[in-house]
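Inside the fold
As a plain string of letters, each chain reads:
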Amino acid sequence: MNRLGLEFMGLPLINPFILASAPPTATPAMIERAFEAGWAGAVIKTLIDEPVRNLSNRFGINKIGSRVYGFKNIELVSELSPTEWFSGVVALKKKFPDRLIIGSIMADARDFDGWRRLALGCQEAGMDMVELNFSCPNGYPEKGKGCAIGQNEKVAADIVRNIKADHRITLPIVPKLTPNVTDIAFIGEELAKAGADAFCAINTVPSLLGFDLSTLNPKVNVNGYSTSGGYSGPGIKPIALRCVHELVCGPAIPVMGCGGCMAGEDAVEFLLLGAGVVQLATAVMFEGYPLIHQLLSGMLQFMDQHGFETIADFQGKGSQRIRRFDQLDTTFRTRAVIDPETCKRCGKCVVSCRDGGYQAISALSEDACPCIDPEKCVGCSLCAHVCPFGAIRLRDC
Ligand SMILES: Cc1cc2nc3c(=O)[nH]c(=O)nc-3n(C[C@H](O)[C@H](O)[C@H](O)COP(=O)(O)O)c2cc1C
């Protein structure tokens, strides 16, 4: 039995891992290699019916030491024409009938014919559903496309309504949402009312990576200049999880989680919140298609640890544990406790508690284990997070 197999919108999948629309899905030949490696599905790089001229260079990394916190891109959509995509996908679907192939399309906000034509092309090529790119933050918002559409529920809903009104189009319509809105649940509600069948959340977060301080060139340097562009990878996972949660609790349609998933354990968190499947881009750009093996084994390890036989055993089970602030227990109290054996007397907790906390930790001397004043400790947890040795834990009291 394949314990990671599942159903999404009535379609059987070999596992919950889907390549997000991005460079790893830039051509049908690349997607073919990904399917050979074991990916359950792929969203094609967004197609548009106009020439695409990309910049060089277009990527940057936000690193602290050797640790990657996030990735920035100023890449546009697919350089392949819709015709090239459609013929390529026909062949791909023939070779991999059991894999999910999701189209991704973009057009002008008022070009309803354009949206319908592309959606129909995806359907005729045999794609299983189609994402509407309402969320790209690079290059298109200034032309009224991409996330400029996703930030305006009326404009976005008009597009969905128009596509759904075309009775030739039967494949599921999946708006891909931007996190750069005040209330993603409200946008979701409006699009669900307009007929959206599912959502993908999220696309990237607009960002600037800063400067190379030796040259004063901006990072992601295009001949001395740069521009705002989409941030992805580990740093956006908390934003993506929050968006997925709000959508899952709002309009009752399926959600594909996306954003900052780097490992099987990250994907578990999206599924716990009720995502139907998980999409990845940045992690695959770093690790290549063989990443799928780590994702599968990470998820299986989690399931074994908890005795879950299938994904359905834990999918959505975490969402009841997320509540509004005013529904949390104000009588619940914790206190920090330092283990003198593990403590290396570095003093970090003393400094953090003194200048960023409640002045509850003090040390009598440099080589003494710090003491916690139970009267002053509010159990905020700052000390436990800054301790480099894991010597501090919180105890319920
Ligand atoms: C270089 C790059 C290009 C991307 N191109 C597209 C695109 O053409 N269409 C789209 O819907 N999303 C695009 N995305 C966004 C990803 O599909 C995904 O939503 C985002 O990167 C967050 O997921 P991640 O943290 O796993 O990368 C792109 C992302 C990256 C990094």
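Going by the structure above, here's the rest.
Below you will find a few notes about this structure. None of these values were measured; they are calculated from a predicted model.

Considering the overall build of the chain
- Secondary structure summary: the chain contains twelve helices and 21 strands in total.
- On C-alpha atoms alone, the chain measures out to a radius of gyration of 24 Å, which is about the 21 Å that the 2.2 N^0.38 rule sets for 397 residues.
- In terms of overall dimensions, the chain has a C-alpha envelope of 75 × 55 × 40 Å along the principal axes.
- Burial status across the chain gives 43% buried among its 397 residues.
- Residue pairs in contact within the chain that sit at least 24 positions apart in sequence constitute 70% of those at least 6 positions apart.

Considerations on the pairing of strand S9 (residues 129–133)
- Extensive coverage of S9 is indicated by the burial of five of its five residues.
- Going residue by residue along S9, you find Met129, Glu131 and Asn133 tucked away on one face and Val130 and Leu132 tucked away on the opposite face as well.
- Bridging between strand S8 (residues 100–106) and S9 involves four bridges; their strand directions are parallel. Residue pairing across strands places Ser104 opposite Glu131, the latter belonging to S9.

Some remarks on the packing of helix H6 (residues 184–194) against helix H7 (residues 237–249)
- For the pair H6 and H7, interaxial distance at closest approach is 9 Å and the crossing angle is 45 degrees. It follows from the interaxial angle that H6 and H7 lie oblique. The handedness of the crossing between H6 and H7 comes out as right-handed. Note on element contacts: H7 touches H6 through Cys243, Glu246 and Leu247, opposite Ile184, Ala185 and Gly188.
- Tallied by class, residues from the contact of H6 with H7 come to four nonpolar, one polar and one charged.

Re the site of the ligand
- Surrounding the ligand, one finds 28 residues, the nearest of these being Ala20, Asn73, Ser232, Ala281 and Thr282.
- Counting residues per element, the ones that place at least two in the shell around the ligand are strand S7 (67–73), strand S15 (229–232) and helix H9 (282–287).
- Among the residues forming the shell around the ligand, the class breakdown is twelve nonpolar, 13 polar and three charged.

Describing the nonpolar core
- Counting 96 residues, the largest nonpolar core has Ile18, Ile105, Ala201, Val244 and Val278 as its most contacted members.
- Sort the elements by how many residues they give to this core and H7 lands first, with six residues.
- In this structure, Cys353, Cys383, Cys387 and Ile392 belong to the second largest nonpolar core, which totals ten residues.

A look at helix H8 (residues 264–272)
- Summarising burial for H8: seven of the nine residues are buried, a large majority.
- Within the span of H8, buried status applies to Gly264, Asp266, Ala267, Val268, Glu269, Phe270 and Leu271.
- On its buried face, H8 sits against strand S3 (17–19), H7, strand S16 (255–258), strand S17 (277–280) and helix H10 (291–306).
- At the C-terminal side of H8, Gly274 shows a positive phi close to 105 degrees.

How each quantity is defined
Every chain is numbered on its own, with residues counted from 1 as its sequence reads. Totals for whole chains, interfaces and linings use every residue, but because this is a predicted model, local features are given only for residues with pLDDT of at least 70 and side-chain atom pairs only at 80 or more, for both listing and counting. Labels follow the DSSP assignment, with helices taken as runs of H or I lasting at least four residues and strands as runs of E lasting at least two, numbered in each case from the N terminus. It is over C-alpha atoms that the radius of gyration is taken, and the globule rule equals 2.2 Å times the number of residues to the power 0.38. Exposure is read from a count of other C-beta atoms within 10 Å of each residue's own; the residue is exposed at 12 or fewer, buried at 20 or more and partly exposed in between. C-beta atoms are placed from the backbone. Contacts are defined on C-beta atoms placed from the backbone: any two residues whose C-beta positions lie within 7 Å are in contact. Any two strands with at least two DSSP bridges between them are considered paired. A fitted line through C-alpha atoms serves as each axis, taken over the contacting stretch for helices, and the angle formed by two N-to-C directions is quoted from 0 to 180°. Roughly parallel means an angle under 35 degrees; roughly antiparallel, over 145; roughly perpendicular, 65 to 115; everything else is oblique. Here a crossing is called left-handed whenever its near helix is offset anticlockwise from the far helix by less than a right angle, and right-handed whenever the offset is clockwise. Three classes are used, and their members are as follows: Ala, Val, Leu, Ile, Met, Phe, Trp, Tyr, Cys and Pro are nonpolar, Asp, Glu, Lys and Arg are charged, and the others, Gly among them, are polar. Residues are counted as near a molecule or strand when the C-beta atom, derived from backbone positions, lies within 6 Å of that molecule or strand. Only buried residues count toward a nonpolar core: Ala, Val, Leu, Ile, Met, Phe, Trp, Tyr and Cys, linked into one set through C-beta atoms within 7 Å.

None of this, on its own, says anything about what the molecule does.
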